[in-house]
Amino acid sequence: MALTSVSSIVLFAVFLAVTNGQRVSMGACPDIPPQKGYNVSKNMGTWYEVQSYLAVFEYFSKCPEATLELQANGHVLVKGQSTNIFTGMTTEVNGDAAPTDANVPGKFNVGLYAWLPASEFTVVLTDYKTYTVTYSCTDIYGWTKMELAFIHSRQRTLDDDTLMSVMDQLAAMGIEPSAFVAIDQTDC
């Protein structure tokens with residue numbers, strides 16, 4: 001009996017480590033399509049992360065940003081950087097966002113780190129000039145899910161009215177707005 005309890009605790013700890021800090025909750029992933037009429041070319045340029053679900057690869061960092069560059073093969077080069085809150089050192093990463101289906105623009109397999117498998121991300125909401133929201137959800141055995149979501153802005157901040165409007169739209173889609181946390185974009 002004690003071995004079973006210890007095994008369960010170990011398995012749960014491994015499960016938490018594998019989730020990479022993503023939001024874990026009961027139930028299946030919601031079916032959230034990409035933004036209708038999504039245009040990848042309009043989404044290129046620099047974006048600053050202003051809110052997100054917690055992610056282990058961003059612990060101890062601030063000022064995360066990503067510059068997106070459309071490649072000739074239709075992939076998007078993702079040039080990310082953030083600043084370590086303890087050392088002040090900048091960490092840079094280059095990743096690849098590969099379209100998952102040419103007939104469904106706005107869905108990408110995104111790989112940023114060699115130690116982290118690529119994940120499918122969907123651009124669920126954007127106005128191209130102010131904000132963009134990406135969302136990922138992975139079903140685990142049909143009874144639980146891991147979610148990761150990011151709200152990016154063209155500026156290091158997003159005004160409250162726009163942020164509230166985005167949160168309302170996300171809630172209507174089935175993306176939990178209360179799980180977002182503000183990202184430190186000060187003294188960058």
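Residues numbered from 1 in each chain as written. Predicted model: local features only at pLDDT ≥ 70, side-chain atom pairs only at ≥ 80, totals over all residues. Heavy atoms only, no water.

Considerations on the state of the cysteines
Applying the stated criterion across every chain, the model contains two disulfides. Shown here is the disulfide that connects C29 with C137, its sulfur atoms set 2.1 Å apart. Residues C29 and C137 share a disulfide whose torsion about the S-S bond is about -85 degrees; that sign makes it left-handed. Of this pair, C29 sits in the loop between β1 (23-26) and β2 (45-52) while C137 sits in strand β8 (residues 131-140), and the two are 108 residues apart along the sequence. Sequence-ordered numbering of the bonded cysteines in the chain gives a pairing of 1-3, 2-4. (Disulfide = S-S within 2.5 Å. Helix = DSSP H or I, 4+ residues; strand = E, 2+ residues; numbered from the N terminus.)

Structural notes on the pairing of β2
Most of β2 sits inside the fold, with six of its eight residues counted as buried. Note that β2 and strand β9 (residues 144-153) share four bridges and pair antiparallel. Paired with E49 across the bridge in β9 is H152. In the sheet, β2 pairs with strand β10 (residues 181-182) via two bridges, with the strands oriented antiparallel. (Buried < 20%, exposed > 50% of the residue type's maximum accessible area, 1.4 Å probe, protein only. Pairing = 2+ DSSP bridges.)

Describing the environment of T134
Tracing the sequence through the fold places T134 in strand β8. Each C-alpha atom, one on T134 and one on V124, is 5.9 Å from the other, the two residues being ten residues apart in sequence. Residue contacts for T134: discarding those within four places in its chain leaves F121, T122, V123, L148, A149 and F150. (Contact = heavy atoms within 4.5 Å.)

What about the pairing of strand β7 (residues 119-126)?
Of all eight residues in β7, six are buried; the element is thus mostly enclosed. Summarising the sheet, strand β6 (residues 107-111) and β7 pair through four bridges and their orientation is antiparallel. Directly across from V110, in β7, lies its bridge partner S119. With four bridges joining them, β7 and β8 adopt antiparallel strand pairing. Counted as the bridge partner of L125 is V133 from β8. Between β7 and the antiparallel strand that follows it, β8, lie four residues; Y128 among them carries a positive phi value of about 70 degrees.

Honestly, it's all geometry; don't read function into it.
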